[in-house]
Amino acid sequence: MHTVVVGTSGTTADDVVAVARLGARIEISAEAQAAIAAARAVVDALAAKPEPVYGVSTGFGALASRHISHELRAQLQRNIVRSHAAGMGPRVEREVVRALMFLRLKTVCSGHTGVRPAVAQTMADVLNAGITPVVHEYGSLGCSGDLAPLSHCALTLMGEGDAEGPDGVVRPAGDLLAEHGIAPVELREKEGLALLNGTDGMLGMLVMALADLQRLYTSADITAALSLEALLGTDKVLAPELHAIRPHPGQGVSAANMSAVLKGSGLVGHFQHDEAPRVQDAYSVRCAPQVAGAGRDTLAHARLVADRELASAVDNPVVLLGGTQAEGAGGDRVESNGNFHGAPVAYVLDFLAIVAADLGSIAERRTDRLLDKNRSHGLPPFLAEDAGVDSGLMIAQYTQAALVSEMKRLAVPASADSIPSSAMQEDHVSMGWSAARKLRTAVGNLNRIIAVELYAAARGIELRHGLTPAPASQAAIEALRAAGVQGPGPDRFLAPDLEAADVFVRDGGLIAAVEPVTGPLA
């Protein structure tokens, strides 16, 4: 099994996916263990002093003005976890919780949080044991971190609340820890606060969405190429020199992908010789690289933001080692800050929901064109076997249209909203968790939309009797059929075919079928 070693300088998107989705084991590097211990020594020294230090010897948020005596500090840390574990609604997916916990551990290992090494090791042990805290849909405003979701995770470390075991059964967290030989954490100064003050939930969902969207954008280039073939369109608009004079990087990549898929096609170039001659294709076909390319460039920006956040230590307050002598002995100190604000992550989560909606929209327009006898250039109405007796793919497009409509609603930015909390102390919040949650829904919808276009385009190509598709297109269709998606014929129960197509796209089967012919697609 793959092992991810966590050091002091952040982590990578690949490591997040490996832990969240593939169950990779986690080790804490010796460098990180030393940094954690050094930061803890600073907290212990400050805790022994009479002066109040936020998060160490004070209350939190709007209650930060109260100085907490030594005998109440452990209770304070337990209480913040218990009181903040106030989520409601359905359970969040296992992969999201694992990503959230791993990213919190990443910040702990930076040496800027002040927790003890034993706390960090317990976090790794829980993840390695396959124990997943029960985290709920609602409870984060995306500022002061994903407070409620992270608090539910911290509660599990304390042996309280509920968690899912490696067998998928939800049980008391204390029982699960005991079964795996993990001692519950007894929190000390600052540790409760350090476990729940970060952007880890929204960041984890951003990283996984980027991985999924990369696959979907490549898949959409393939289905756009298949639709162009089925509609007897022209591939001349994909010429590299056309895209070189408008040098948006993503646009050139999408055009190159489509050209690679269409190489050797016997269906392209008939657009001036069919029964409805045309000078140029409709925008949904002709402008496919421009729309998909703009989305690709948005993904690139979001990836830059994610990488910066993955390299960050997000907590409040943070431990800073070194500095000037004027700042204290050795310059070590604990400082309040605003790095927990989720705005950078929230914005790109919303950007991605917008471009995903537009990619879904243009894919649906191509599908509708394939089904309309007045615009499909010789294909039967709704790609039906016996139109009138058979309805063909009429309602498959309805389903696709419903998904696109929801995508447009999901594209409304969550980060444009803010709602004050904590007695106006936290008076501006990012709503990044909400942006991430709706993006997850949007990504799932986009996969289905692309699957419907694939289903329709493949059928359209097969109905072009006497014309030979590109070798890559033929490979895609053959793999689709092998995956259990049936070809043209009389009406049948369509939902199983659509579900199989959805799985085929989601599991990477479409790209895997094409790349042996085209070479690697971007």
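In this convention, every chain numbers its residues from 1, walking through the sequence in written order. Only residues with pLDDT of at least 70 get local features here, since the model is predicted, and only at 80 or more are side-chain atom pairs given and counted; chain-wide, interface and lining totals rely on the full set of residues. Side-chain numbers come from the whole structure's heavy atoms, not from hydrogens or water.

**Examining unusual backbone geometry**
Going by this rule: Strands here mean DSSP runs of E at least two residues long; helices mean DSSP runs of H or I at least four residues long; both are numbered from the N terminus.
Residues Asn 316 and Pro 317 are joined by a peptide bond in cis, for which omega reads -5°. Mapping Pro 317 onto the fold places it in the loop between helix 13 (288-310) and strand 8 (318-320). Although it is not a glycine, His 377 adopts a positive phi angle of roughly 60°. Tracing the backbone through its elements, the reader meets His 377 in the loop between helix 14 (343-371) and helix 15 (394-410). Look at Met 431: it is not a glycine, yet its phi comes out positive at around 60°. As for its placement among the helices and strands, Met 431 is situated in the loop between helix 15 and helix 16 (432-462).

**Quick look at the pairing of strand 1 (residues 3-6)**
In plain terms, the rule: Relative accessibility thresholds used throughout: buried, under 20% of the residue-type maximum; exposed, over 50%; partly exposed, between the two (1.4 Å probe, protein chains only). Two strands form a pair only when DSSP identifies at least two bridges running between them. Looking down the strands as they point away from the viewer, one classifies a crossover as right-handed if the path from the first strand across the helix to the second runs clockwise.
Alternating residues of strand 1 divide into Val 4 and Val 6, all buried, and Thr 3 and Val 5, none buried. Of the strand pairs in this sheet, strand 1 and strand 2 (residues 25-28) are connected by 4 bridges, and their pairing is parallel. Following the sheet pairing, Val 6 is matched in strand 2 by Ile 28. Considered for its hand, the β-α-β crossover made up of strand 1, helix 1 (residues 13-22) and strand 2 is right-handed.

**Here we look at the environment of Phe 351**
Spelled out, the test is: Should any heavy atoms of two residues lie within 4.5 Å, those residues are counted as being in contact.
Mapping Phe 351 onto the fold places it in helix 14. Among the residues examined, Phe 351 registers a relative accessible area of 37% and is labelled partly exposed. Each C-alpha atom of the pair Phe 351 and Leu 310 lies 19 Å from the other, and the pair is 41 residues apart in sequence. Apart from residues no more than four positions distant in its own chain, Phe 351 is found in contact with Thr 298 and His 301.

**Some points on the pattern of salt bridges**
Going by this rule: By definition, a salt bridge exists where a carboxyl oxygen of Asp or Glu is found within 4 Å of a side-chain nitrogen of Lys or Arg.
Here the structure, examined in full by the defined rule, presents 31 salt bridges. Taking the shortest distance from any N to any O, the salt bridge between Arg 73 and Glu 189 comes out at 4.0 Å. Of this pair, Arg 73 sits in helix 3 (residues 73-84) while Glu 189 sits in the loop between helix 7 (173-179) and helix 8 (191-194); the two residues are 116 residues apart in sequence, bridging distant segments of the chain. Residue classification places Glu 189 among the buried residues on the basis of a relative accessible area of 13%. Salt-bridge contacts for Arg 104 lead to Asp 315; the nearest nitrogen and oxygen are separated by 3.9 Å.

**Some details on the packing of helix 1 against helix 4 (residues 94-108)**
Geometry of a packed helix pair, given as the angle between the helix axes and the separation of the axes. Stated precisely, the cut-off is as follows: Axis angles are defined between N-to-C directions and span 0 to 180 degrees, where every axis is a line fitted to C-alpha atoms and, for a helix, only to the segment in contact. Here the angle decides the label: under 35 degrees means roughly parallel, over 145 means roughly antiparallel, 65 to 115 means roughly perpendicular, and every other value means oblique. Working rule for handedness: look at the near helix, and if it is turned counterclockwise from the far one by less than a right angle, call the crossing left-handed; if clockwise, right-handed. Here the nonpolar group is Ala, Val, Leu, Ile, Met, Phe, Trp, Tyr, Cys and Pro; Asp, Glu, Lys and Arg are the charged ones; every other residue, Gly included, is treated as polar.
In contact at an axis separation of 8 Å, helix 1 and helix 4 are set at 135° when each is read in the N-to-C sense. Viewed along their axes, helix 1 and helix 4 adopt a mutual orientation that is oblique. At the point where helix 1 passes helix 4, the crossing takes the right-handed sense. Here Asp 15, Val 16, Val 19, Ala 20 and Arg 21 of helix 1 lie close against helix 4, whose contacting residues are Glu 95, Arg 98, Ala 99, Phe 102 and Leu 103. Grouping the amino acids of the contact of helix 1 with helix 4 by side-chain chemistry returns 6 nonpolar, no polar and 4 charged.

**Structural notes on the confidence of the model for the chain**
Worth spelling out the cut-off: pLDDT is a per-residue confidence score from the predictor, ranging from 0 to 100.
Residue-level pLDDT values for the chain average 94, and 97% of them are 70 or greater. For the stretch residues 324-328, pLDDT sits under 50, and the model shows 5 contacts to residues farther than four places along the chain or on other chains.

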